[in-house]
Amino acid sequence: MGDDKNRVVAAIDAGPVSEAVIEVATRLADVLGAQREIVMVDGGDASQGTPDLTVLVGDAAQSLLRLAAAPGVVALVVGLRTVASGPRPAGHVTEELITRSPVPVVVVPPGTPAGSRSLARILLPLEGAAPPQETAQAIVHAFEAAGSRVDAVHVFDRSSVPMFWDGWHDTEIWSDEFQHRYSPIAGETQLRLGDVAQQILTATDENDSCLVLLEWKRRLNHSHAPVVRELLNNTPVPLMLLPEERPQ
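Counting buried positions over the five residues of strand 6 (residues 121–125) gives four, a clear majority of the element. As paired elements, strand 6 and strand 7 (residues 149–156) share five bridges and run parallel to each other. Residue pairing for strand 7: Ile122 is matched across the bridge by Val150. Once the chain exits strand 6 it traverses helix 4 (residues 134–145) before rejoining the sheet at strand 7, and the crossover so formed is right-handed.

Axis separation between helix 2 (residues 60–68) and helix 3 (residues 92–100) bottoms out at 9 Å; the angle between their running directions is 30°. It follows from the interaxial angle that helix 2 and helix 3 lie roughly parallel. In this structure, helix 2 meets helix 3 at a crossing whose hand is right-handed. Between helix 2, through Ala60, Ala61, Gln62, Leu64 and Leu65, and helix 3, the contact on the second element is made entirely by Val93, Glu96, Leu97 and Arg100. Broken down by class, the residue content of the contact of helix 2 with helix 3 amounts to six nonpolar, one polar and two charged.

Note that side chains of opposite charge can pair when their charged atoms are close. Following the criterion strictly, the structure yields nine salt bridges and no others. Measuring nitrogen to oxygen at the nearest pair gives 3.2 Å for the salt bridge that ties Arg117 to Glu23. With Arg117 in the loop between strand 5 (105–108) and strand 6 and Glu23 in helix 1 (residues 18–32), this pair connects stretches of sequence that are 94 residues apart. Taking the relative accessible area as the measure of exposure, Arg117 reaches 13% and is therefore buried. Among the salt bridges present, the one from Asp151 reaches Arg121, with a minimum N-O distance of 3.8 Å. Remark: Arg121 occurs in strand 6 and Asp151 occurs in strand 7; sequence separation between them is 30 residues. A relative accessible area of 5% places Asp151 in the buried class.

Each value, and the rule that gives it
- Residues numbered from 1 in each chain as written.
- Predicted model: local features only at pLDDT ≥ 70, side-chain atom pairs only at ≥ 80, totals over all residues.
- Heavy atoms only, no water.
- Buried < 20%, exposed > 50% of the residue type's maximum accessible area, 1.4 Å probe, protein only.
- Helix = DSSP H or I, 4+ residues; strand = E, 2+ residues; numbered from the N terminus.
- Pairing = 2+ DSSP bridges.
- Right-handed = clockwise from strand over helix to strand, strands pointing away.
- Axes fitted to C-alpha atoms, helices over the stretch in contact; angles between N-to-C directions.
- Parallel < 35°, antiparallel > 145°, perpendicular 65-115°, else oblique.
- Left-handed = near helix turned anticlockwise from the far one by under 90°.
- Contact = heavy atoms within 4.5 Å.
- Nonpolar A, V, L, I, M, F, W, Y, C, P; charged D, E, K, R; others polar.
- Salt bridge = Lys/Arg side-chain N within 4 Å of Asp/Glu carboxyl O.

Geometry only, nothing functional implied.
Rendered as structure tokens:
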């Protein structure tokens, strides 16, 4: 997925999450075969002491969106919010980036544990209506090639749970068929029942996941993306949000 001209951009500010943003961007650049670039908008004194930093001038969201559209940029990494008590589901600059960026955006929550910056274990939630798009599949394969463990999970809610869930004897055959149709990972795909967002958060914890990889339609209002909103509100680890390529 990369050559030496590709870039993963770490967009930082003066807040405490910036160190984690830089570290996640560094790890992601290694996975994607890209260079890491650190930027800050109107950094002022806060830019002092940060090596290899580019200071952008102007509106933060607009400056970063222009950068995201530049040739060679393959991902942005940003803070989800400056502090744990900050705005929900994200800060206003981050919201604008995730809903308008043409490239994947990794949002890093405050308090991200150092172990969650290694990107050693990835969780891929699957919708089960179609396989992930090419960008998601390429990123999954890049993680696997870099030695990361990728776990996949599909969550049934009460409206979509198969009739066999409470005792059909061929669940293993059905699970194998589900993985064949919908899952790009080499390992096992877990099937769960319950609230989708809560089950993804539970799987994140139980699998010791360092990052959640999620396709979405880039719509964050209250009538759309309830799962994404819930994950943004409560995720303990970075989320990599991939703009869905399907026609809308």
